[in-house]
Each structure stands twice: as C-alpha cells, then as structure tokens.
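Observations on the three-dimensional arrangement
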Amino acid sequence: MSLTPRDVDKAETRGLYGDGDGLYLAVAKGGSKSWIYRYQMDGRRRDLGLGGYPAVTLAQARIRRDEARKLVRLEGIDPLAVRHRQKAAVAAQSEIAAAREQRRASTFKLVATAYIDQQAPAWSNRKHAQQWTNTLEKHAYPLIGETPVHELSTEDVLSVLSPIWTEKTETAKRVQGRIERILDYAITTKLREDSNPARWRGHLDVILPKPSKVRRVVHQRALPYAKASKLAADLLEVNTPAGRALLLTLLCATRTGETLEATWSEIDFERAEWRIPAMRMKAGKEHRIPLSEAATAVLRLQESVRRDDWVFAGQKRGHFLSNMAMNNVLKRSGWLEQTTVHGLRSTFRDWAGEKTSYPERMAEVALAHQLTDKVQAAYFRADLFEQRRGMMSEWAGFLNLQSSIIEEPSVVRNATAE
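Overview of the structure. (Residues numbered from 1 in each chain as written. Predicted model: local features only at pLDDT ≥ 70, side-chain atom pairs only at ≥ 80, totals over all residues. Heavy atoms only, no water.)

With that out of the way, let us pick up the overall build of the chain. Along the backbone of the chain there are 19 helices and seven strands. For the chain, the proportion of its 418 residues judged to be buried stands at 42%. When the accessible surface of the chain is totalled, it reaches about 23,300 Å², and 50% of it is carbon and sulfur. (Helix = DSSP H or I, 4+ residues; strand = E, 2+ residues; numbered from the N terminus. Buried < 20%, exposed > 50% of the residue type's maximum accessible area, 1.4 Å probe, protein only. Areas by Shrake-Rupley, 256 points an atom, 1.4 Å probe, with all protein chains shown as cover.)

The biggest cluster of nonpolar side chains holds 58 residues, and the ones touching the most others in it are Leu251, Trp274 and Phe348. Of all the secondary-structure elements, those providing two or more residues to this core are helix H9 (228-238), helix H10 (241-252), strand S6 (273-276), helix H12 (293-303), helix H13 (325-332), helix H14 (343-355), helix H15 (360-366) and helix H17 (385-398). Counting residues per element, this core draws most heavily on H10, at eight residues. Among the nonpolar cores identified, the runner-up in size contains 32 residues, and Tyr115, Tyr141, Leu161 and Ala172 belong to it. (Core = buried A, V, L, I, M, F, W, Y, C linked by side-chain atoms within 4.5 Å.)

Further remarks concern unusual backbone geometry. Cis geometry marks the peptide bond from Tyr53 to Pro54; its omega dihedral reads 15°. Its place among the elements puts Pro54 in the loop between strand S4 (44-53) and helix H2 (58-75). Backbone geometry at Lys190 places phi at a positive 65°, although glycine is not the residue there. Tracing the backbone through its elements, the reader meets Lys190 in the loop between helix H7 (169-188) and helix H8 (211-214).

Two quantities define a packed helix pair, namely the angle between the axes and the distance from one axis to the other. At a minimum axis distance of 10 Å, the contact between helix H4 (residues 108-119) and H7 shows a crossing angle of 95°. Considering their axes alone, H4 and H7 lie roughly perpendicular with respect to each other. Contacts between H4 and H7 involve Phe108, Val111, Ala112, Ala114, Tyr115 and Gln118 from the former and Ile179, Arg181, Ile182, Leu183, Tyr185 and Ala186 from the latter. (Axes fitted to C-alpha atoms, helices over the stretch in contact; angles between N-to-C directions. Parallel < 35°, antiparallel > 145°, perpendicular 65-115°, else oblique. Contact = heavy atoms within 4.5 Å.)

Turning to the sheet that holds strand S7 (residues 287-290), a few remarks are in order. Strand order in this open sheet of three strands is S5-S6-S7, and the pairing throughout is antiparallel. Strand pairing shows two members of the sheet lacking a second neighbour, strand S5 (267-268) and S7, which therefore form its edges. Examined bridge by bridge, S5 and S6 share two bridges and lie antiparallel to one another. Looking at the pairing, Asp268 lines up with Glu273 of S6. (Pairing = 2+ DSSP bridges.)

If you walk through the whole model with that rule in mind, you get 19 salt bridges. Of the charged contacts, one joins Arg69 and Asp21 as a salt bridge, the two residues approaching to 3.5 Å between their closest N and O atoms. With a gap of 48 residues between them, Arg69 in helix H2 and Asp21 in the loop between strand S1 (15-20) and strand S2 (23-27) connect regions that are remote in the sequence. In this structure Arg69 comes out as partly exposed when scored by relative accessible area, which is 24%. Judged by its relative accessible area of 46%, Asp21 is partly exposed. The partner of Arg280 in a salt bridge is Glu266, and the shortest N-O contact between them spans 2.8 Å. Note that Arg280 is positioned in the loop between S6 and S7 and Glu266 in the loop between helix H11 (256-260) and S5, a separation of 14 residues in sequence. In this structure, Arg280 and Glu266 share a single accessibility class: buried. (Salt bridge = Lys/Arg side-chain N within 4 Å of Asp/Glu carboxyl O.)

All right, on to the side chain of Glu180 then. Secondary-structure assignment places Glu180 in helix H7. With near-sequence residues (within four places) excluded, Glu180 lies in contact with Asn196, Ala198, Arg199 and Trp200.

Next up on the list: the packing of aromatic side chains. Counted under the stated rule, the structure contains 15 aromatic pairs. Arranged with centres 5.9 Å apart and planes meeting at 35°, the rings of Phe348 and Trp351 form a pair that is tilted. Here Phe348 pairs with Trp351, and both are found in helix H14, just three residues apart, close to one helical turn. Grouping residues by exposure puts Phe348 and Trp351 together as buried. Feature note: the residues Tyr225, Phe348, Trp351, Trp395 and Phe398 constitute an aromatic cluster, connected by ring pairs. (Phe/Tyr/Trp six-rings, centres within 6.5 Å; stacked < 30°, edge-to-face > 60°.)

In sheet architecture, strand pairing relies on hydrogen bonds along the backbone and comes in two forms, parallel and antiparallel. Taken in spatial order, the four strands make up an open sheet running S1-S2-S3-S4, and their pairing is antiparallel. Here the strands that pair on one side only, and so sit at the sheet edges, are S1 and S4. With strand direction ignored, the average angle separating the axes of adjacent strands in the sheet is 30°. Two strands pair when backbone bridges link them, and strand S3 (residues 33-41) and S4 are joined in this way by nine bridges, in the antiparallel orientation. Opposite Tyr37, over in S4, you have Leu48 as the bridge partner. Seen against the sheet, H2 touches S1, S2, S3 and S4 and runs at an angle of roughly 15° to S3.

Turning to helix H6 (residues 154-165), its buried residues are Thr154, Val157, Leu158, Val160, Leu161, Ile164 and Trp165. Here the buried residues of H6 occupy an arc of 165° about the axis, which is enough to place them on one side. Turned more than 90 degrees from where H6 packs its buried face, Glu155 and Pro163 sit exposed. Considering only its buried residues, H6 is in contact with helix H5 (128-144), H7 and H8. (Arc of directions from axis to C-beta.)

Here Ile144 shows up in helix H5. Judged by its relative accessible area of 1%, Ile144 falls in the buried class. In this structure the C-alpha to C-alpha distance between Ile144 and Asp156, which are 12 residues apart in sequence, comes to 6.9 Å. If we ignore the near neighbours within four places in the chain, the residues touching Ile144 are Phe108, Leu152, Asp156, Ser159, Val160 and Ile179.

Here you go:
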C-alpha cells in the first residue's frame, strides 16, 4: 500500500514505512523522520538518503526516488557513488576556494613575519630577527608589503632593489637574499606556485650588475697596534660598563655581540676561562677564551656592580648594553676617527703577526676565524687553548695593562658608586 500524506504525518512509532518501489519513511527514536530509497546494486543492498521530513514532502521524495531508480534500473549506475563523487567535487572546490582566499590574504609582510618567527629560534645571533625586520620594514614593506606573495613578480622585486643596488649594495644584497628566502618559504608552504622572482642565480644576476662590480670595499678602520696601549690607558679612565666592555673586547679580541651578550654563567674565574656557546658564535662552534690577568680584573671590576646574569647589563633590567654603547665610548674619547670596535680585532691580528712569533693559526683561532681551506680545517681541530693563554697575556702586557692598575682601589670605589 502506498503512503498518504496523512500516514506520513501521523507515523510516530520507530521503524520503516514502505511507499513502494523502494521508498521508505524512516521514523527514528524520538520521532524524527527521513526518506530512504532502498535498492540492490551488484548483489548488495544499498540505502540512499533522500532528505528529512517535513522539509522533503512525500511527493518530493517520490520524485527523488524515481530519479535514483532510473539510474539503477535503466543505466546501471549506483546513485550513492554519484553522490559521493558530487560531494568530493564540492569539497575539492571548497579547498581550492579556501586556498585561493588564503593566498589572497597572505601578503608579503605577513609571510615574512611568519618566516622570521619560525626561523628566529635557530639563528645563532639573537639580533638577526630584528635585523631582518628592520631592513624589510625600511626597504621592502613600503613597496611590496601588502602584495599577496603569489602575485609578486620580478618587476616588484626590482622595484625594491634597483633604487639601492648601486648606492647601498651591501644592504641591497641582504634584502635580495631575505626576499628570496621568504618567497622560497611561500612556495614550500604552497602559498605561491610559480618560480621565485627574487632568485639570484640564473635570474636576477642577468639583470642586476654583480655586487663586486659596483660595491666599493670599505675596510673597517683599524687602530695601528703601536697606538693600542694609549687607547687602553684612555679606556681605564672611562670607568663605565661600556668602557669596561670595550676594554675587555680589546683584551680578548672578541666581536661586539660576543662581548655585549656575555653572561656570568660563561665566565669561570677559577679556570680563568670564558666559554662562549656555539649558538652565540658566528661560525656556530663553541669558542673558549683564556682570560689574562688583566681581562680577569676587568670582569671582577664589572662583577662588583652586577645586577643580573648579563655581564654588561643595560639600563633596562633584563637587557644587555646597546650595540652602540662601545662605539659611543670611542666617539666620546676621540678615537672613533681612528678605529671601529670591530677594527680592534685587526689591531690584535696585526700585532700577533708582526710583533710575535706565534703561529698564524693560533692568532686565527683566537679570533674564532674558520679556515677556508677544508683540508687544513680537518687537521687543525684543536683550539690551542693553553698555547693561546701565553699569547693573550703577552697581548695584555703589550697594552701595558696590569691587573694591579685595573683593580686600583679608587677605581673600584668609583665603579661601585655608579
């Protein structure tokens, strides 16, 4: 017997109510109702949902039953398989639309920020993330920051690089490399599908002149070693954390960041050793520095005004001194025209090469330089630590820095009063 609209409306007991030709009204526990078309396909019983009642009326359910029945009886097609394919197609289209919308919303600035945040924990220098952000904010974001990464072209990249390529070549090359890395990241994360318009090799290198052809090589100003003791004497008079940081840098031939980011946990007074972890070194390898008596005295003096774990703590608690602190000491004391902070490493290197008989390799290890010759590097793995101790003590002597001078009581009192 076929169902009537009244039968459908009155059905309340859980079960299946047949209408004929495979159409059933399914009443669930609780009274909800839906339509099912039951059929056989390849010897298996199949149930195809046709919608819920009352949204789908009896008349509409019969029409849907007849459409599905035609596929089964006349064409041998499984309507359930058809539905699954349709759902898959809709889902695929939704994914494509979502991906398209994500690409549209993924501007260069947002992708760059995500890349920097992801990479920052692995960078050895804690300031790299800020340096990346600063250069991109100054040169890239104003021009391409709001452009979706999938739309960036070679012309867009050149709009950033061309104005600074000949005037600020070193900066421009850094910006190019950073844009290239960010767009590689965008391609890997499927935010961009085509090639990288910032790629240097085989792309931009045929458009822009090689940096070596346009860059004027300006070496860091380096103080002649004959004047180094006079600088050391002047630094003794400065008697500030920045002055002592510069004095320690001179004594240990360290880089700016290696000195300013030093922590007390790296200093071993008993062994007279400063152990800089690999994550803070340019070469990514731990660097041990034998502390001369003069270097130890400078650290002891700084320890007397210790505030936290930073050896050279800044004014703001929890921060170390600014990168410009030692540079400002040189400026105020009248030495900036003769040398930079980094140039003091060359001062030490020139002294070691011209005034001593220490092996060249020993001076290179003291500067934490990597051997460019891979064969030599494979054989010279020792850090020559004890041998370097004598060299660093001799360097302190050449600077005329005795620990007794550094630890002079009046100096200590002044330091404590800062």
